[in-house]
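Residue-level structure breakdown
Read off the chains here:
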Amino acid sequence: TCYSYQGRIAVDQAFDAVHLRAGTLYMPSFDVCLNGAGEGPAALSLRACDGSAAQRYVLTPEGRILSVANRALCLTVAGGMSRFGGGGRPPHLIRGLWLAPCSAQAGAYQTWLAREAPDYVPSRR
């Protein structure tokens, strides 16, 4: 769960709202976009933004984030192991993300909520 345990959204949890509405998961503090591997279930990476289908997503009214390269794949929190993050009360957990087949059974790991943080000011590296 991304939450503001520091009293504000952390730079490693923030995607630009304008880009999100346009279909790109862009992290302004790092000047990178979320990149999927294309057609099948795949790990994700952060890369320089290039506008390709592998970096384009659709946020559905139901809260799913679908890959434009393959709309049968959803942004999914990886199950299984997690590790503790850098702080917070309660301590936050870090889990991986990947593109996995959209399914009702995985709904809890494939449902997202976008919120704007008025206190967030991105920094450029």
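A brief look at the structure comes next. Note that the structure is predicted; figures quoted are calculated from it, not measured.

**Quick notes on the sheet that holds strand S1 (residues 26-27)**
- One open sheet holds the three strands; their spatial order is S1-S2-S4, and the pairing between them is antiparallel. On the outer flanks of this sheet lie S1 and strand S4 (45-47), each paired with one strand and no other.
- The pairing of strand S2 (residues 32-35) with S4 spans three bridges and is antiparallel. Within S4, the position partnered with Asn35 by the bridge is Ser45.

**Observations concerning the side chain of Gln55**
- Relative to the helices and strands, Gln55 is located in the loop between S4 and strand S5 (57-59).
- Gln55 gets classed as buried once you look at its relative accessible area, which sits at 1%.
- Polar contacts involving the side chain of Gln55 include one to the main-chain carbonyl oxygen of Ala48, which spans 3.1 Å.
- Gln55 has contacts with Gly23, Thr24, Leu25, Cys33, Leu34, Asn35, Arg47, Ala48, Cys49 and Asp50, leaving out every residue within four places of it along the chain.

**Details of the state of the cysteines**
- Tallied over the entire structure, the rule returns two disulfides.
- The residue that forms a disulfide with Cys33 is Cys49, at a sulfur-sulfur distance of 2.0 Å. Looking along the S-S bond of the Cys33-Cys49 disulfide, the torsion reads about 95°, which is the right-handed sense. In this pair, Cys33 sits in strand S2 while Cys49 sits in the loop between S4 and S5, placing the two residues 16 residues apart along the sequence.
- Through a disulfide, Cys74 is tied to Cys102; the S-S separation comes to 1.9 Å. The disulfide joining Cys74 to Cys102 has a torsion of about 105° about its S-S bond and is therefore right-handed. Of this pair, Cys74 sits in strand S7 (residues 73-77) while Cys102 sits in the segment after strand S10 (97-101); the two residues are 28 residues apart in sequence, bridging distant segments of the chain.
- Cys74 sits in the buried class, given a relative accessible area of 0%.
- Looking at the protein, its bonded cysteines, counted consecutively from the start of the sequence, adopt the pairing 1-2, 3-4.

Calculation criteria
- Residues numbered from 1 in each chain as written.
- Predicted model: local features only at pLDDT ≥ 70, side-chain atom pairs only at ≥ 80, totals over all residues.
- Heavy atoms only, no water.
- Pairing = 2+ DSSP bridges.
- Helix = DSSP H or I, 4+ residues; strand = E, 2+ residues; numbered from the N terminus.
- Buried < 20%, exposed > 50% of the residue type's maximum accessible area, 1.4 Å probe, protein only.
- Polar contact = N/O pair within 3.5 Å; in protein donor to acceptor, adjacent residues only side chain to side chain.
- Contact = heavy atoms within 4.5 Å.
- Disulfide = S-S within 2.5 Å.

On their own, these measurements won't tell you what the molecule is for.
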